[in-house]
Amino acid sequence: METHAHRPEARSSPVPAPQRLLAIYLNDHLAGANSGVCLIRRMARTHRGTSAGAPLAELAEQIADDRESLREIMTALDVPAQWHRVVIGRLAEKAGRVKLNGRLVSRSPLSDVLELEAMRLGVEGKASLWRSLGTLADATTHLDPAAVARLLDRAHRQAAALEELRVEAAGRTFTTAAAAPTRADRGRTHGTPRYRLSRRRWAS
């Protein structure tokens, strides 16, 4: 009776660890980019016709362009988009809309501050992405270091614009609130400081 040597089934080569980690990293940022685009577009619609409307609309266009740049980079690096991560990011952006802001139904002025802070943090994260890809561009021919540097520079300008809008929103929200006297304030003696810090507490 003849015996035949067992032939192992052909197996696909495992993805190298650096490429696998890069895919996770870029897809996480793609999910964040999708959430950011949804948020900044909603903010631009909300503030249409106000002084913040035009700069928010411009930022929305730039941030959407940055997302497309990330997709092109992923294609150049042979990193497929993992759409389940994108969907999770989209759901997270929707969930963020129900964050407590001092009102149960209507939009609160605090929403502007919170959304601008979220966008500022998102853009700072995107800048970190471009810095990481700038390091990778120095080691591969698939990325243009100059193009990545331009994306990083634009992220810095976006962060500065968002911070300016955030400061303005904070001024409108908190200064107006602080200027409105409460019933307890009206019963206080004029000139009496509202809060005092214990010297003993801070002397240690």
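Small disclaimer: the values here were computed from a predicted structure and weren't measured.

Some words on the overall build of the chain
Inference 1: Secondary structure summary: the chain contains seven helices and zero strands in total.
Inference 2: Mapped in sequence order, the helices and strands of the chain form the string α-α-α-α-α-α-α.
Inference 3: Across the 204 residues that make up the chain, the buried fraction comes to 33%.
Inference 4: For the chain, the exposed area adds up to about 14,300 Å²; of that, 57% sits on carbon and sulfur atoms.

A look at the packing of helix α1 (residues 17-46) against helix α2 (residues 53-76)
When two helices pack together, their arrangement is given by the angle between their axes and by how far apart the axes lie.
Inference 1: The contact between α1 and α2 brings their axes to 9 Å, and the two run at 160°. Viewed along their axes, α1 and α2 adopt a mutual orientation that is roughly antiparallel. Judged by the twist between their axes, the crossing of α1 over α2 is left-handed. Here Leu26, Asn27, His29, Leu30, Ala33, Asn34, Val37, Ile40, Arg41, Met43 and Ala44 of α1 lie close against α2, whose contacting residues are Leu56, Ala57, Leu59, Ala60, Ile63, Ala64, Arg67, Leu70, Arg71 and Met74.
Inference 2: Grouping the amino acids of the contact of α1 with α2 by side-chain chemistry returns 15 nonpolar, three polar and three charged.

Remarks on the packing of α2 against helix α4 (residues 109-137)
Inference 1: Remark: α2 packs on α4, axes separated minimally by 13 Å, with the N-to-C direction vectors making an angle of 35°. Every pair of crossing elements has a handedness; the one defined by α2 and α4 is left-handed. When α2 is examined against α4, the residues Leu56, Ile63, Asp66, Leu70 and Ile73 are found in contact with a partner set consisting of Leu116, Met119, Val123, Lys126, Leu129, Trp130 and Leu133.
Inference 2: Looking at side-chain class alone, the contact of α2 with α4 contains 10 nonpolar, no polar and two charged residues.

Brief notes about unusual backbone geometry
Inference 1: Of note in the backbone geometry, Asp78 takes a positive phi value of approximately 60° without being a glycine.
Inference 2: Along the chain, Asp78 falls in the loop between α2 and α3 (83-95).

What about the nonpolar core?
Inference 1: One finds Leu26, Ile40, Leu56, Leu77, Trp130 and Leu133 to be the most contacted residues of the largest nonpolar core, which totals 38 residues.
Inference 2: Only α1, α2, α4 and α5 (145-179) provide two or more residues apiece to this core.
Inference 3: When neighbours within four sequence positions are excluded, Leu77 is seen to be in contact with Gln19, Leu22, Leu26, Leu133, Leu136, His142 and Leu143.

Some thoughts on the confidence of the model for the chain
Inference 1: With 67% of its residues at a pLDDT of 70 or more, the chain has an overall mean of 81.
Inference 2: Predicted confidence in the chain is weakest over helix α7 (residues 199-203), with a mean pLDDT of 43, and strongest over α2, with 97.
Inference 3: A low-confidence stretch, residues 197-204 (pLDDT under 50), is modelled with one contact involving residues beyond four sequence positions or located in other chains.

Re the side chain of Arg67
Inference 1: Following the sequence through the fold, Arg67 ends up in helix α2.
Inference 2: A relative accessible area of 13% means that Arg67 is categorised as buried.
Inference 3: Among all residues touching Arg67, those that are not within four sequence positions of it are Leu30, Ala33, Asn34, Val37 and Arg41.

Overview of the environment of Ala146
Inference 1: Note on placement: Ala146 falls in helix α5.
Inference 2: Look at Ala146 and you get partly exposed, because its relative accessible area is 39%.
Inference 3: Residues Ala146 and Gly134, 12 residues apart in the sequence, show an inter-C-alpha distance of 8.6 Å.

Analysis parameters
- Per chain, the residues get numbers from 1 upward, laid out in the order the sequence is written.
- Residue-level local features of this predicted model are given only where pLDDT is at least 70; pairs of side-chain atoms are given and counted only at 80 or more, and the full residue set underlies all totals for whole chains, interfaces and linings.
- By convention in this description, side-chain values take in all heavy atoms of the structure and omit both hydrogens and water.
- Secondary structure elements follow DSSP: runs of H or I of four or more residues count as helices, runs of E of two or more count as strands, with numbering from the N terminus.
- Type-normalised accessible area, obtained with a 1.4 Å probe on protein chains alone, sets the label of each residue: buried when under 20%, exposed when over 50%, and partly exposed for intermediate values.
- Calculation of accessible area relied on Shrake-Rupley with a 1.4 Å probe; when residues are assessed, cover is drawn exclusively from the protein chains displayed.
- Between N-to-C directions, angles span 0 to 180 degrees; the directions come from axes that are lines fitted to C-alpha atoms, helices contributing only their stretch in contact.
- The scheme is simple: roughly parallel for angles under 35 degrees, roughly antiparallel for over 145, roughly perpendicular for 65 to 115, oblique for anything else.
- By convention, the crossing between two helices is left-handed when the near helix turns anticlockwise from the far helix through less than a right angle, and right-handed when the turn is clockwise.
- Only heavy atoms enter the contact rule, under which two residues are in contact if any of them lie within 4.5 Å.
- Residues were grouped as follows: Ala, Val, Leu, Ile, Met, Phe, Trp, Tyr, Cys and Pro as nonpolar; Asp, Glu, Lys and Arg as charged; and all remaining residues, including Gly, as polar.
- Side-chain atoms within 4.5 Å link the members of a nonpolar core, which is a set of buried Ala, Val, Leu, Ile, Met, Phe, Trp, Tyr and Cys residues.
- Per residue, pLDDT captures the predictor's confidence, and it can take any value from 0 to 100.

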